[in-house]
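Summary of structural features
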Amino acid sequence: MSILNLFKVAIRAIFSNKFRSFLSMLGIIIGVAAVIIMMAIGQGSKESVRANLSQMGTNVITIRPGAETRGGVRQDPSAMQTLKQKDYELIERNKKYVTYVSPEVTSSGQAIYGANNTTTSLYGAGLDYLNIRLWKIEDGTFFTEDDIRKSSKVCVVGKTVVNELFPDGGDPVGKTIRFKSIPLRIVGILKSKGYNSWGMDQDNVMISPYTTVMKRILAQTYYSSINCSAITEELTDDAIAELTNILRESHELKGEAVDDFTIRSQQEMMETMSSTMDTITIILVVAAAFSLLVAGIGIMNIMLVSVTERTKEIGLRMSVGARGLDISNQFLIESILISLTGGVLGVLVGWLGTLLCSSFGLPATIPLWSILVSFAVCTLIGVGFGYFPAQKAARMDPIEAIRYE
Amino acid sequence: MDDKRKVVIELQNVKRYFKVGNEIVKALRGITFKIYEGEFVTIQGTSGSGKSTLLNQLGCLDTPTEGEYYLDGTPVRKMSKSQRAKLRNRKIGFVFQSYNLLPKTTAVENVELPLMYNKKYNASQRRAAAIKALQAVGLGDRLEHKSNQMSGGQMQRVAIARALVNDPAVVLADEATGNLDTRTSFEMLVLFQKLHAEGRTIIFVTHNPEIAQYSSRNINLRDGKVREDTINTNILSAADALASLPIPQDD
Ligand SMILES: Nc1ncnc2c1ncn2[C@@H]1O[C@H](COP(=O)(O)OP(=O)(O)OP(=O)(O)O)[C@@H](O)[C@H]1O
Ligand SMILES: [Mg+2]
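Residue numbering note: each chain is counted from 1, following its sequence as written. For naming, the first written chain is A and the first written ligand is 1, with later ones following in the order written. Owing to the predicted nature of the model, reporting of local features is limited to residues with pLDDT of at least 70; listing and counting of side-chain atom pairs is limited to 80 or more, with chain, interface and lining totals taken over all residues. Excluded from the side-chain calculations are hydrogens and water; all other atoms, namely the structure's heavy atoms, are used.

**Re the overall build of chain B**
Helix numbering and strand numbering both begin at the N terminus, where a helix is a DSSP run of H or I of at least 4 residues and a strand a DSSP run of E of at least 2. A tally of regular secondary structure across chain B gives seven helices and ten strands. Based on the C-alpha atoms only, the size of chain B along its principal axes is roughly 50 × 45 × 45 Å. For each residue, the accessible area found with a 1.4 Å probe, counting protein chains only, is set against the maximum for its type, and the residue is called buried under 20%, exposed over 50%, and partly exposed in between. Going through the 251 residues of chain B one by one, you find that 52% of them count as buried. By element, 47% of the accessible surface of chain B is carried by carbon and sulfur atoms, the whole surface being about 11900 Å². Taking the average location of the 35 positive side-chain charges in chain B and that of its 27 negative ones, the two points are 9 Å from each other. Here the accessible surface of atoms and residues is derived via Shrake-Rupley with a 1.4 Å probe, and residues count as covered only by protein chains that are part of the display. Note that His is not counted, nor are the chain ends; the positive residues are Lys and Arg, and the negative ones are Asp and Glu. For this purpose, a charge sits on NZ of Lys, CZ of Arg, CG of Asp or CD of Glu.

**Considering the overall build of chain A**
Per the secondary structure count, chain A includes 13 helices and ten strands. The C-alpha radius of gyration of chain A comes to 33 Å, more than 25% above the 22 Å expected for a compact globule of 405 residues. With respect to the three principal axes, the spread of C-alpha positions in chain A is 105 × 60 × 35 Å. Per-residue burial over chain A gives 48% buried out of 405 residues. Note on contacts: a residue pair qualifies if any of its non-hydrogen atoms lie within 4.5 Å across the two residues. Put simply, of all contacts in chain A between residues at least 6 apart along the chain, 79% involve residues at least 24 apart. For chain A, the exposed area adds up to about 19700 Å²; of that, 60% sits on carbon and sulfur atoms. Distance from the positive charge centre (38 side chains) to the negative charge centre (38 side chains) of chain A: 5 Å. Throughout, radius of gyration means the C-alpha value; the globule benchmark is 2.2 Å times the number of residues raised to the power 0.38.

**A few points about the site of ligand 1**
Residue and element names in this part refer to chain B. Here, proximity means that at least one heavy atom of the residue falls within 4 Å of the molecule or strand. If you check the shell around ligand 1, you find 13 residues, and the closest are Ser47, Gly48, Lys51, Ser52 and Thr53. A distance of 3.3 Å separates an oxygen atom of ligand 1 from a polar backbone atom of Ser49. Polar contact is the term for a pair of N or O atoms within 3.5 Å; when the atoms are in protein, one must be able to donate a hydrogen and the other to accept it, and sequence-neighboring residues count only if both atoms are side-chain atoms. Ser52 is positioned such that a nitrogen or oxygen atom in its side chain is 2.8 Å from an oxygen atom of ligand 1. Across the complex, the protein chains shield 66% of the 630 Å² of accessible surface that ligand 1 would expose by itself. Ranked by residue count, the leading element in the shell around ligand 1 is helix H1 (residues 51–58), at three residues.

**What about a positive patch on the surface?**
Residues forming no salt bridge and having over 30% relative accessible area are the ones grouped into patches, like charges within 9 Å of each other and nonpolar side chains (Val, Leu, Ile, Met, Phe, Trp, Tyr) within 5 Å. Take a side-chain nitrogen of Lys or Arg and a carboxyl oxygen of Asp or Glu: if they are within 4 Å of each other, that pair is a salt bridge. Together, Lys153, Arg178, Lys215 and Arg216 of chain A give the surface a local cluster of positive charge. On the secondary structure map, Lys153 of chain A appears in the loop between helix H5 (145–150) and strand E5 (154–157).

**Here we look at the interface of chain B and chain A**
Facing the 23 residues of chain B at the interface are 21 residues of chain A. Roughly 1900 Å² of surface becomes buried between chain B and chain A when both sides are summed, with 59% attributable to carbon and sulfur atoms. Notably, a salt bridge pairs Arg12 of chain A with Glu109 of chain B, separated by 2.8 Å at the nearest N-O pair. Taken together, the connections running from chain B to chain A amount to five residue pairs in polar contact (both at pLDDT 80 or more). Those elements that provide at least two residues to the side of chain B that touches chain A are helix H2 (81–91) and helix H3 (107–116) of chain B. Among the elements that make up the side of chain B that touches chain A, the one with the highest residue count is H2 of chain B (five residues). A breakdown of the residues in the side of chain B that touches chain A according to their chemical character gives nine nonpolar, six polar and eight charged. Summed over both partners, the accessible area lost on bringing two parts together, with a 1.4 Å probe, is the buried area. Side-chain classes are defined by residue name, with Ala, Val, Leu, Ile, Met, Phe, Trp, Tyr, Cys and Pro counting as nonpolar, Asp, Glu, Lys and Arg as charged, and the others, Gly among them, as polar.

**Quick word on the environment of Ala125 of chain A**
All names here are of chain A. For Ala125, the position within the fold is in strand E3 (residues 116–125). Exposure remark for Ala125: the relative accessible area of 0% places this residue in the buried category. Residues Ala125 and Glu145, spaced 20 residues apart in sequence, show a C-alpha to C-alpha distance of 11 Å. What Ala125 contacts, discounting residues up to four positions off in sequence, is Ser102, Pro103, Phe143, Ile148, Ile207, Ser208, Pro209 and Tyr210.

**Description of the domain arrangement of chain A**
Here the limits of each domain have been adopted from an automatic or database domain assignment. Along its sequence, chain A is organised into domain 1 (3–52 + 272–403) and domain 2 (81–259). Here the C-alpha centre of domain 2 of chain A lies 56 Å away from the C-alpha centre of domain 1 of chain A.

**Here's the deal with a nonpolar patch on the surface**
The grouping of Phe19, Phe22, Leu23, Leu26 and Ile30 of chain A at the surface amounts to a nonpolar patch, some 500 Å² of accessible area in total. Summarising the element assignment, Phe19 of chain A is placed in helix H2 (residues 18–55).

**What to know about the pattern of salt bridges**
Residues and elements named next belong to chain A. Counted under the stated rule, the structure contains 26 salt bridges over all chains. Salt-bridge contacts for Arg317 lead to Glu313; the nearest nitrogen and oxygen are separated by 2.9 Å. Here the residue Arg317 and the residue Glu313 both occupy positions in helix H10 (residues 311–319), the gap between them amounting to four residues, near one helical turn. By the burial criterion, Arg317 is buried, and Glu313 matches it.

**Thoughts on the packing of H3 of chain B against helix H5 (residues 152–164) of chain B**
All names here are of chain B. Axes here mean lines fitted to C-alpha atoms, for a helix over just the part in contact, with angles spanning 0 to 180 degrees between N-to-C directions. Where H3 meets H5, the closest approach of the two axes is 7 Å, and the angle between their N-to-C directions is 35°. When the axes of H3 and H5 are compared, the crossing they make is right-handed. Facing Ala107, Asn110, Val111 and Pro114 of H3, the residues of H5 in contact are Val158, Ala161 and Arg162. Of the residues in the contact of H3 with H5, the class split is five nonpolar, one polar and one charged. Working rule for handedness: look at the near helix, and if it is turned counterclockwise from the far one by less than a right angle, call the crossing left-handed; if clockwise, right-handed.

**Examining the nonpolar core**
Within this scheme, the nonpolar core is defined by two criteria: the residues are buried Ala, Val, Leu, Ile, Met, Phe, Trp, Tyr or Cys, and they are joined through side-chain atoms within 4.5 Å. The biggest cluster of nonpolar side chains holds 73 residues, and the ones touching the most others in it are Ile9, Leu54, Leu58, Leu71 and Ile203 of chain B. Among the nonpolar cores identified, the runner-up in size contains 52 residues, and Val154, Val205, Ile207 and Ala230 of chain A belong to it.

**Concerning the state of the cysteines**
Each disulfide consists of one covalent bond between the sulfur atoms belonging to two cysteines. Cysteine sulfur atoms are paired as a disulfide whenever they come within 2.5 Å of each other. By the definition in use, this model includes zero disulfides over all chains. Here Cys357 of chain A is not cross-linked by a disulfide; its sulfur's nearest cysteine counterpart is in Cys378 of chain A, at 20 Å.

**A short note on the sheet that holds strand E2 (residues 23–36) of chain B**
Strand-to-strand pairing in sheets goes through backbone hydrogen bonds, with the strands running parallel or antiparallel. Residues and elements named next belong to chain B. Being paired, for any two strands, means DSSP has found at least two bridges between them. The strand order across the open sheet built from four strands is E2-E1-E4-E5, with neighbouring strands paired in antiparallel fashion. Both edges of this open sheet fall to E2 and strand E5 (74–75), since each of them pairs with a single strand only. Across eleven bridges, the pairing between strand E1 (residues 7–20) and E2 is antiparallel. Looking at E2, one finds that Val20 is bridged to Glu23.

**Observations concerning the sheet that holds strand E9 (residues 217–222) of chain B**
Residues and elements named next belong to chain B. The strand order across the open sheet formed by six strands is E6-E7-E8-E3-E9-E10, and the pairing between neighbours is mixed. Both edges of this open sheet fall to strand E6 (92–95) and strand E10 (225–231), since each of them pairs with a single strand only. Shown here is a sheet whose adjacent strand axes are inclined to one another by a mean of 15°, direction ignored. Direction of pairing for strand E7 (residues 170–174) relative to strand E8 (residues 202–205): parallel, over a ladder of four bridges. Residue pairing across strands places Ala173 opposite Phe204, the latter belonging to E8. Contacts between H1 and the sheet are confined to strand E3 (40–45), E6, E7, E8 and E9, with E7 contributing the most and set at about 155° to the helix. Contacts between H2 and the sheet are confined to E6 and E7, with E6 contributing the most and set at about 80° to the helix.

As C-alpha cells, this is what we get:
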C-alpha cells in the first residue's frame, strides 16, 4: 500500500479510538515535556551562571595560599599563610601579562550604625580591586593610596548595607559606622550588582584598605588571596605562567618543589561550573527520559490490544492481497503517528512549562536541538515499541485471522 | 468433455494434513479435478468433509501438504507467502459467509480495498473500478453508505463487488448465503447466475443441496475425497424461483 494510504488508514484507526489513543499519547506528552523543561532549565541556569561569572570579570585570576588539594589531604594551617606583602610587591614590579593586582583579606561580622545593625562581609583590598572585580562607585569616592599607607579607618559599602543601616534615607557618605567595634568612615557607595545565580546578595559587602583590615581588625600579616586580572581573557594562561614564576621565585621553590599556592582563573571556574551544571542536567534529563521509556511500553501495550482487536480486519486484508509487509507497515505507521503526535504536543506543553518556569524567575531557555532530538526520539519510540506488535500482526495466518471472533 | 476450454484451476492429487497434538487430521486425502473458465461450480458435502479446507487451497490462503495446484497455469505449492498474497490480489475474489466488511467504512472504500494493494491503480482508477463493481451488483445508489448502515443482503452485495473489483480469474464463495434469509439468498443466486452468464468462473461452497440446481457443475466431498462430480445440464433460473416466492407481508 502507498505511504499516503497507510497514513490515512492509521489516522482513521487513531480517530476511531480517540480516548484510548490520547491516553497512550499522554505518556509521551509528559515524557517529552519533562525532557524539554529539564533541558531548558539546565541551559537557562548555565547561561545565567555564565552571565554572573562574567559580571565578576572574565579575566580574573585568583591566587590562594596552600598547594592544590588532592584527595582531601589536610594542609597544615601554616601552609595557608604563605601569601605576603613581598609577593604582592614582586608581582607589581614584574607583571607583564597582568594589568591589575590587589591583595584580599576577608572578615565577616556585624556592622552597626546607631540602633541598626547587619551582618556583612568586609573585604580588605587594594586600589585595583574595583577594576578587577568590576565594581563601580555610585556615590562618593573610593579610598586612596594614602588611606592604604596610613591604614585609614575608611570604607565603601554596598547597597544592602546602606539599606540596612540607613533605613530612613539620608546620605551615608561621611557617616561613621562600626564593624566589629572598629569605627569606619564611609567614603563611597558601590553600585548595585544584585543577586548572583546561587542566590547570594552581592551588595551585602564593605570594602576597606587591606592594611586597615589586616592591622586593625584581623591582626594578621598574610593575605587570604591575591586578585589579579590578565590583560585579556585570551592571555590568561600566559598571565598564570608569569604569576607562577614570580611566586616560585619569591617563595624560593626550586626544581621539583611543589607550589605552595594555587592559581585559579575565572575561566577555569566557568568551565568547572558548566561541567557541573551539565552533569546535573544530564541526570535530570535521564530521569525524564525514563518516563519516555515507560510511555513507549504503554504504546506497545495499546498496539498489541489494537492488533488483537483487529485480527479479523488483518485476515481480510491478507485475503484480498495484503502482504505481511503491508500489514506491519500499517501498524508501524500507526504507532509512529501516536508517538510523534505525542511528541509534538509534548514539545508544546514543555514550551508552556518553560514559560511558566521563567515567569517564576527560574532561568530557562529551550535549546533548539532538544526539540529536534525529541522528535527523533519519538520516531524511534514509535518504531521500536511498534515493531513487536506490527510483527505479530504481519505473522498472522490469514485463515485463522479471518475466522477470529 | 469439451477440452478446448481454458483451464482456470487444476488440482493434482492434493492432500492437506493437519497435526493436532499427536494425531494427524487428514482434511483432504487426494483431490484431483480441473475447473474450466466460465464454470459455476457448487461444492457440497457433510460438515467436516473438507469443503472449507479445499476452498482455502483454491484461494491460495493455504498450501497443499502433498500434490500440486495450478491456478491459471501457475503452480502454487512452492510459492512464498508474499507471492501468494500477490496471486490472491490479482486472480482471486473471496466472498465470506460473514461479509467481513471494514466497519465504519463506506461501500466504495470497502470495494476499493483489494486495489489498495495493487500499485497499478491510482486513486481515481480505484474509485472508478469500485463504482463499476458496485453498479454490477445493483448498489450504484448506495456508494457512500457505511457498512453499519446496510442490511445483510446489501453487505453481501458489497462483499461480492469487492470480490469482482480486481477482475479475478475465479470468484470463491464459502457459505455466501449462509447468513441470509431465503429471499435474500435467492437474490444472491440471481446475482451469481448473472455473473456466470457474463463469463465469470465461480466456485460456491454450500450446505444447501437445492442450490446445486442453479449451478453448472456440482462437486460432492466426503472425508476429504471427491465422492461425486456431476455436470448439471438443466440449470434452473434463480430469477424465476425468486419470482415464485411468496411476497413477504409487512406487519
Ligand atoms: N486448522 C486446522 N487444524 C486442524 N484441523 C483442521 C483445521 N482446519 C480444518 N481441520 C479439520 O479438517 C476437517 C475438514 O474441515 P473443514 O473446515 O474443511 O470442513 P467443512 O467441510 O468446511 O465443514 P463445515 O461444513 O462444517 O464448514 C475437519 O475435521 C476439521 O476438524
Ligand atoms: Mg466450512
